[in-house]
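Architecture and fold: a report
Here is how the chains run, residue by residue.
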Amino acid sequence: MGEAILKKPLNIAVLGSGFMGRAHANAYKQVGQFFESGYQPVLKVCYGREENRGNLEAFASRWGFGSFDTNWQRIIEREDIDLIDVCLPNHMHYDVVMAAAAAGKMIACEKPLAMNVAEAQEMSEAVCRAGVASLVWYNYRRVPAIALAKQIIDEGRVGKAFHYRATYNQDYTISGDIPQGGRGLWRLDSKIAGSGVTGDLLAHSIDTAEWLNGPIRQVVAKTETFVKKRLHQDSGKIQLVDIDDACMFLAEFENGSIGTFESTRYARGRKNYKTFELNGENGALHFDLEDPHILEFFRYADPETGEKCEDHLTGWQRIHVSNAEHPYMDKWWVPGTTIGYEHTFINTLADFLAGLESGVPAEPTIRSGLRTQIVCDAVLESARNKGWVEIS
Ligand code: SOE
């Protein structure tokens, strides 16, 4: 006979019951099964709009929430809630984060953090003032292969960086018959989303790039909107589309390397094609999210001795990132087996909980996540003004 160790409950409110609401709810339910933590997330309440009450009720019961509510302000006022998780359309992030910080709640917010830098700056200040723990869900940092790339860079195996090349391409908006606005398609409405692919997809690429290769110093961008008018699901009218359907930009990094970034929702055949390649003096790395367990590494020189590898052995190594030695993988299955998209959220949450215990916050917090918003806004400004924009 023995007694189970009781963990400290962490009472969660998930605001939003769409794609991200599901991904996060799953993470809260799974994390304690696979990672050691003194905290046990408890799905207390979820929020959705009154118009979606039916869906919300079904969502609450499927994921085992204690209750649901169609009033998010009331949820934030609840004393029994520790953490507000924001899985709402982008135009709501500011109001919710400001209210949650004022109420002294921990906050986990989906990306992009805000509609623009001005909002993100205020949100960051509010969170700092309140002294609450926070997180922005840049989940791709927790793809084991991307975390391994970070480790390899930190070990000096890539060396002085010359080129960074990123893509994030999808193809789901090519048809002009797809409406804008409403559930699932609010990403096409600039009043709700803030921007198109820049905030939605390039924000991920920028977060990964700055994490791996350091800060971006300046950018020059070109955006395009291919379908200029679409039926709006809310108004029932044909309305102008003013999000960026595609965006490409050049970047100069503070470490002297130069980069290209490409993102579109019109790359026929591409579903969630997020890639990067980093070419350095000692080696190179390549990653493609459509093949998420593989990290390609080109080993040219030993970082310690600076000596070139033997000529007949140089070449790309295809690392199947599934060994217990690889980031996060000791928490999952046996070597050679794989994990999926949903696990990136579980890994992220595990880091957040570990940060609560150690006092060293998991990155990015809302404060450091502001950085990606700054770069996104610089990219959009550059596209508008057709010139380089420096990032302070
Ligand atoms: C858009 O289609 C989207 O769902 C993004 O909003 C997510 O952040 C991305 O990871 C997958 O694509």
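Here's a quick rundown of the structure. Just so we're clear, the structure is a prediction, and the values are computed from it rather than from any experiment.

Rules used throughout
Residues numbered from 1 in each chain as written. Predicted model: local features only at pLDDT ≥ 70, side-chain atom pairs only at ≥ 80, totals over all residues. Core = buried A, V, L, I, M, F, W, Y, C linked by C-beta atoms within 7 Å. Buried ≥ 20, exposed ≤ 12 C-beta atoms within 10 Å, placed from the backbone. Domains from an automatic or database assignment. Contact = placed C-beta atoms within 7 Å. Helix = DSSP H or I, 4+ residues; strand = E, 2+ residues; numbered from the N terminus. Bend = angle between axes of the 7 residues up to and from the residue. Pairing = 2+ DSSP bridges. Axes fitted to C-alpha atoms, helices over the stretch in contact; angles between N-to-C directions.

1. Details of the nonpolar core
Residues Ile107 and Val379 are the most contacted members of the largest nonpolar core, which totals 103 residues. Both domains that meet at this core, namely domain 1 (8–139) and domain 2 (140–390), each give it at least three residues. Here valine 379 is in contact with Thr198, Leu202, Val219, Ala221, Cys247 and Phe249, once residues within four sequence places are set aside. Grouped together as the second largest cluster of nonpolar side chains are five residues, Leu188, Ala193, Val241 and Ile243 included.

2. A look at the environment of leucine 202
Within the secondary structure, leucine 202 sits in helix H8 (residues 197–213). Separated by 90 residues in sequence, leucine 202 and proline 112 place their C-alpha atoms 9.6 Å apart. Leucine 202 has contacts with Tyr168, Val197, Cys247, Phe261, Ser263, Cys376 and Val379, leaving out every residue within four places of it along the chain.

3. Remarks on H8
The sharpest bend along H8 reaches about 40° and sits at alanine 203. H8 sits mainly inside the fold: 17 of its 17 residues count as buried. Where H8 ends, the next residue or the one after it, glycine 214, has phi of about 85°, a positive value.

4. Here we look at the sheet that holds strand E1 (residues 8–15)
Adjacent strands of a sheet form backbone hydrogen bonds with each other and so pair up, either parallel or antiparallel. Ordered in space as E3-E2-E1-E4-E5-E6, the six strands form an open sheet in which the pairing is parallel. Of all strands in the sheet, those with a lone pairing partner are strand E3 (67–69) and strand E6 (134–136), marking the two edges. Strand-to-strand, the axes of this sheet are offset by a mean angle of 25°, without reference to chain direction. Relative to E3, strand E2 (residues 39–47) is paired through three bridges, and the arrangement is parallel. From the neighbouring strand, tyrosine 47 faces E3, where its bridge partner is aspartate 69. Contacting E1, E2 and strand E4 (83–86), helix H1 (residues 19–34) crosses the sheet at an angle of about 155° to E2.

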